[in-house]
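# Notes for the structure review
Given next are the chains, with one letter for each unit.
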Amino acid sequence: MATELTASTPVRPDVAPIQRRTLRLLFGTQIVGGIGVTIGISVGALLAARVAGTALAGVAQSASVVGGALLAVPVTRIMNGHGRRPGLAVAYLAGAVGAVLVVLATVTGFVPLLFVGMLFFGGGTAANLQARYTAVDLAEPARRGRQLSLIVWATTIGAVAAPNFADLADHATTGWGLPPLAGPFAFSAVAFVLAAGVLLALLRPDPLLTARRLATPAAPVAAGAAAELPPPAEATSAPAEATSASARTARRGAGMRAAWRVVRGLPAARLGIVAVAVGHTVMVAVMSMTPVRLGESHGDADVLRVVGIVLSLHIAGMYALSPVVGWLTDRLGRRAVILVGVALLLAACAVAGTAGHHTPRLSIGLVLLGLGWSGTMVAGSTLLSESVPAAVRPSVQGFSDLTMGLAGAVAAAVSGFVMRAAGYPVLTLLAAVATVPLVALALRPVPAGAPDEEE
């Protein structure tokens, strides 16, 4: 069926150069954006613990995750009405504003401002997540999984290096009169502004608007149109009632509730959303408290260096092998890779939870955590994107990011309290238990005729 789909929807010759240029541009901005996000996250828990206390460190990390989730809603609406370019730029600029507010909160010691800043800081994450969907707007159907994973992988270069820049950024801003740990957020603000400027200037023509124009050549897309009607080849991947619902959703503005009405009729789409959300929840819960765990056994003189190394290994696990994960997703199937990702998450919780203060073993656990996240993210995102009609794809993708962000935010908020009350091993145990619903859903028999990875 993949051969039929590829043959029936070839990429037009004039679109191929646009897609290549879009991928190159997204690849570059993902590097810059990855630096901006990760350099802040790598010290966020430590900074929050010093400004607001250990119990609230998880809440501060949660605010960043909530911000990324909530910003997915207006960013999706901007993309529906005006294309990917302004939506991505707005998300990055919101992240820059948040980084500046975090710096001001650190200088003044005003805790509420810290939480507001971390909320807006999540805009950087929202932009990075939406970029993976931007990469497939004009992609050939047979190459969507690989090109999505390519943009996920691009984050590796910036994200892996960023934690090791934290110490450099901290020392570089000492002469500015900034307190310890504020410097990395100042660098994040610069990175976000740079990424937004490049996208605004160079992401032309807009890939989403171009895809809509190609899908409905006889009817130009109005500025406020939500999405294009799905081409015949794509309409075959979803039930007729879902396609009809998607058309009605597009006319109503493709909001989150309307997108859910389409998703709930598609078992494969539901599995994709749950896979992304659960994988992200487990990763955030364990990763966000790992710097605090390392701070218990390392002094101020070297804690940033150790945190940088451990988180770099973790982020390498998240992104470095994503093209391989994408290839396996096409070869083994979406469900199989999702289950492999869950197995890696469980192994990560077991290794990290029993590591004690043995930093090398904790590092291995964090690498496994990143690999498990990659499996659920790439396979889940691919399954979701292929399971819904094009008319509602941007809104459903935004709904998935909203769900993922809110689920991760709950985990990040609770993690600080669990860490303080019961310790890191109990936190990893609870994170492992959170994978049970995903395993049950992935192993559930697929109804006859339901769209799935085999289609």
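Structure first, text after, so check above.
So, a few notes on the structure that sits alongside this text. Note that the structure is predicted; figures quoted are calculated from it, not measured.

### Focus on the overall build of the protein
- A count of helices and strands for the protein gives 19 helices and 0 strands.
- For the protein, the residues scored as buried account for 58% of the 455 residues in total.
- Contacts spanning at least 24 positions in sequence make up 83% of the contacts within the protein whose residues lie at least 6 apart.
- In the structure as shown, the protein presents an accessible area of about 17,000 Å², 70% of it carried by carbon and sulfur atoms.

### What to know about the packing of aromatic side chains
- Taken as a whole, this structure holds 6 aromatic pairs when the rule is applied.
- Seen in terms of ring centroids, Phe121 and Phe185 are 5.3 Å apart; in terms of plane orientation they differ by 65 degrees. Their pairing is edge-to-face. One end of the pair, Phe121, is in helix α5 (residues 111–134); the other, Phe185, is in helix α7 (residues 183–202), with 64 residues separating them in the sequence. Summarising the burial analysis for this pair, Phe121 and Phe185 share the class buried.
- Measuring from ring centre to ring centre gives 5.6 Å for Phe121 and Phe192, while their planes differ by 55 degrees; the resulting arrangement is tilted. Of this pair, Phe121 sits in helix α5 while Phe192 sits in helix α7, placing them 71 residues apart in sequence. The pair formed by Phe121 and Phe192 is uniform in burial state, with each residue classed as buried.
- An aromatic cluster is present here, built from Tyr92, Phe121, Phe185 and Phe192 joined pairwise through their rings.

### Quick look at the environment of Thr210
- Relative to the elements of secondary structure, Thr210 occurs in helix α8 (residues 207–215).
- For Thr210, a relative accessible area of 6% gives the class buried.
- Counting along the chain gives 72 residues from Thr210 to Leu138, while the straight-line C-alpha distance between them is 7.9 Å.
- Setting aside anything within four residues of it in sequence, one finds Thr210 in contact with Ile18, Leu138 and Pro205.
- Side-chain polar atoms of Thr210 contact the backbone oxygen of Asp206, separated by 2.7 Å.

### Re empty space enclosed by the protein
- Enumeration according to the criterion identifies 4 cavities of 30 Å³ or more in this entry.
- The space that makes up the largest cavity amounts to roughly 570 Å³.
- Considering the residues around the largest cavity, the lining is formed by 36 residues, among which Val37, Ile41, Thr125, His280 and Tyr319 are closest to the centre.
- Breaking the lining of the largest cavity down by element, the ones donating at least two residues are α2 (16–52), α3 (57–82), α5, α6 (144–172), α12 (267–295), α13 (303–319), α16 (359–387) and α17 (393–421).
- Of the residues belonging to the lining of the largest cavity, the class tally is 18 nonpolar, 16 polar and 2 charged.

### Here we look at the nonpolar core
- Grouped together as the largest cluster of nonpolar side chains are 119 residues, with contacts concentrated most on Phe185, Leu369 and Tyr424.
- Take this core: its biggest share by element is 15 residues, from α12.
- Split by domain, the residues of this core number at least three in each of domain 1 (15–211) and domain 2 (262–445).

### Focus: the environment of Leu46
- Structurally, Leu46 is set in helix α2.
- A relative accessible area of 11% means that Leu46 is categorised as buried.
- Once the C-alpha coordinates of Leu46 and Gly295 are considered, the two residues, 249 residues apart in sequence, prove to be 8.1 Å apart.
- Setting aside residues up to four positions removed in sequence, Leu46 forms contacts with Leu181, Pro291, Leu304 and Val307.

### Considerations on unusual backbone geometry
- Cis geometry is adopted by the peptide bond preceding Pro205, which originates at Arg204 and carries an omega value of -5 degrees.
- In this fold, Pro205 is placed in the loop between α7 and α8.

### A few points about the packing of α2 against α5
- For the pair α2 and α5, interaxial distance at closest approach is 10 Å and the crossing angle is 155 degrees. Taken together, the axes of α2 and α5 lie roughly antiparallel to each other. As α2 packs across α5, the resulting crossing turns out to be left-handed. Every residue of α5 that contacts α2 at Leu26, Gln30, Gly33, Gly34, Gly36, Val37, Gly40, Ile41, Leu47, Ala48, Val51 and Ala52 is listed here: Val111, Leu114, Phe115, Phe121, Gly124, Thr125, Ala127, Asn128, Ala131 and Thr134.

### A look at the environment of Thr359
- Following the sequence through the fold, Thr359 ends up in helix α16.
- Among the residues examined, Thr359 registers a relative accessible area of 17% and is labelled buried.
- With 66 residues separating them in the primary sequence, Thr359 and Arg293 have C-alpha atoms 9.8 Å apart.

How each quantity is defined
Residues numbered from 1 in each chain as written. Predicted model: local features only at pLDDT ≥ 70, side-chain atom pairs only at ≥ 80, totals over all residues. Heavy atoms only, no water. Helix = DSSP H or I, 4+ residues; strand = E, 2+ residues; numbered from the N terminus. Buried < 20%, exposed > 50% of the residue type's maximum accessible area, 1.4 Å probe, protein only. Contact = heavy atoms within 4.5 Å. Areas by Shrake-Rupley, 256 points an atom, 1.4 Å probe, with all protein chains shown as cover. Phe/Tyr/Trp six-rings, centres within 6.5 Å; stacked < 30°, edge-to-face > 60°. Polar contact = N/O pair within 3.5 Å; in protein donor to acceptor, adjacent residues only side chain to side chain. 1 Å grid on protein atoms, 1.4 Å probe; cavity = no way out; pocket = protein on both sides within 12 Å on 5 of 7 lines; lining within 4 Å. Points joined across faces, edges and corners; volume = space filled by probe spheres on them. Nonpolar A, V, L, I, M, F, W, Y, C, P; charged D, E, K, R; others polar. Core = buried A, V, L, I, M, F, W, Y, C linked by side-chain atoms within 4.5 Å. Domains from an automatic or database assignment. Axes fitted to C-alpha atoms, helices over the stretch in contact; angles between N-to-C directions. Parallel < 35°, antiparallel > 145°, perpendicular 65-115°, else oblique. Left-handed = near helix turned anticlockwise from the far one by under 90°.

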